[in-house]
Amino acid sequence: MTAPRVLDLFCCSGGAAMGYHRAGFAVDGVDIADRPRYPFTFHRADALEHLAGLITTREIERYALIHNSPPCQAGCTLTVGTNQSRGWGAEHVQLIPELRTLLNATGLPYVIEQPNGKAPVRRDLRLCGESFGLGVLRHRNFELGRWSTPQPPHPVHRGYVRGVRHGVHRDGPYVAAYGAGGGKATVPEMQAAMGIDWTDTREELTEAIPPAFTYWIGTAFLTCRQEVLV
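Since the structure is predicted, the reported quantities are computational estimates derived from the model, not experimental observations. (Residues numbered from 1 in each chain as written. Predicted model: local features only at pLDDT ≥ 70, side-chain atom pairs only at ≥ 80, totals over all residues. Heavy atoms only, no water.)

Asker: Residues and numbers for the sheet that holds strand E3 (residues 41–44), please.
Answerer: Taken in spatial order, the seven strands make up an open sheet running E3-E2-E1-E4-E5-E7-E6, and their pairing is mixed. Each edge of the open sheet carries a strand with a single partner, namely E3 and strand E6 (125–127). Each neighbouring strand pair of the sheet contributes to a mean axis angle of 20 degrees, computed without reference to strand direction. With four bridges connecting them, strand E2 (residues 26–31) and E3 associate as parallel partners. Counted as the bridge partner of Gly29 is Phe42 from E3. Against the sheet, helix H2 (residues 47–57) makes contact with strand E1 (5–9), E2, E3 and strand E4 (65–68), and its axis sits at roughly 145 degrees relative to E1, the strand it touches most. Running over the sheet, helix H4 (residues 96–106) touches E1, E4, strand E5 (110–115) and strand E7 (140–145) and is turned about 165 degrees from E5. (Pairing = 2+ DSSP bridges. Helix = DSSP H or I, 4+ residues; strand = E, 2+ residues; numbered from the N terminus. Axes fitted to C-alpha atoms, helices over the stretch in contact; angles between N-to-C directions. Contact = heavy atoms within 4.5 Å.)

Asker: Can you lay out unusual backbone geometry for me, pointing to particular residues and giving the numbers?
Answerer: The phi angle at Arg58 is positive, at roughly 70 degrees, despite the residue not being glycine. You will see that Arg138, though not glycine, has its phi angle at about 50 degrees, which is positive. Take Arg138: it is sitting in the loop between E6 and E7. You can call Arg138 buried: its relative accessible area is 10%. (Buried < 20%, exposed > 50% of the residue type's maximum accessible area, 1.4 Å probe, protein only.)

Asker: Got a sec to walk through the pairing of E5? Specific residues and values, please.
Answerer: Counted residue by residue, E5 has six buried out of six residues, so it is predominantly covered. Going residue by residue along E5, you find Tyr110, Ile112 and Gln114 tucked away on one face and Val111, Glu113 and Pro115 tucked away on the opposite face as well. Of the pairings in the sheet, the one linking E5 to E7 comprises six bridges and is antiparallel in character. Residue pairing for E7: Gln114 is matched across the bridge by Asn141.

Structure (structure tokens):
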């Protein structure tokens, strides 16, 4: 049988892609920057323009699912509130409304991923690294379009994220896989904590979704799809 195909928009280094691959999907990635370490078929392009072109040519019909991880800086906790007053959020464009319009035009099921913050996405699903025994918490919210799955339980965290926060250093079972300094994770620590070994680029690792998240999502989608077919 031919594997269902997922379109991975704003794909970065392929953390999400690897999870879908392990769940049984063929994967095509799209990113505006060159990603030589992306482990599957890769197209360098503006994600919204690429999606619009696939709709126009009807090539979009070869996909079973569209995964989207648009830039989060316009609505994440790093660029709102106090940080916004410092100018961090002043120049970031919110792509989600335009993206959702295109996704609705495809008629296909989709996933939009975002970190905690004020991004305009429904929180249909929230995943945490502790659910998968990872060394990061990496809370992520997911809007599910044209399909749904129950929210899994959110387990109690086993302790703190290691590092300095508000001037206080704490130790804990999780590493901070973002930024630098203040006890943030090293590249090898991030790789081990998230289960990503095909890139050692810090910028890619700090933006990556642990593959365990999308393996869970992909498996849930295929189960839902099979139930509909039956």
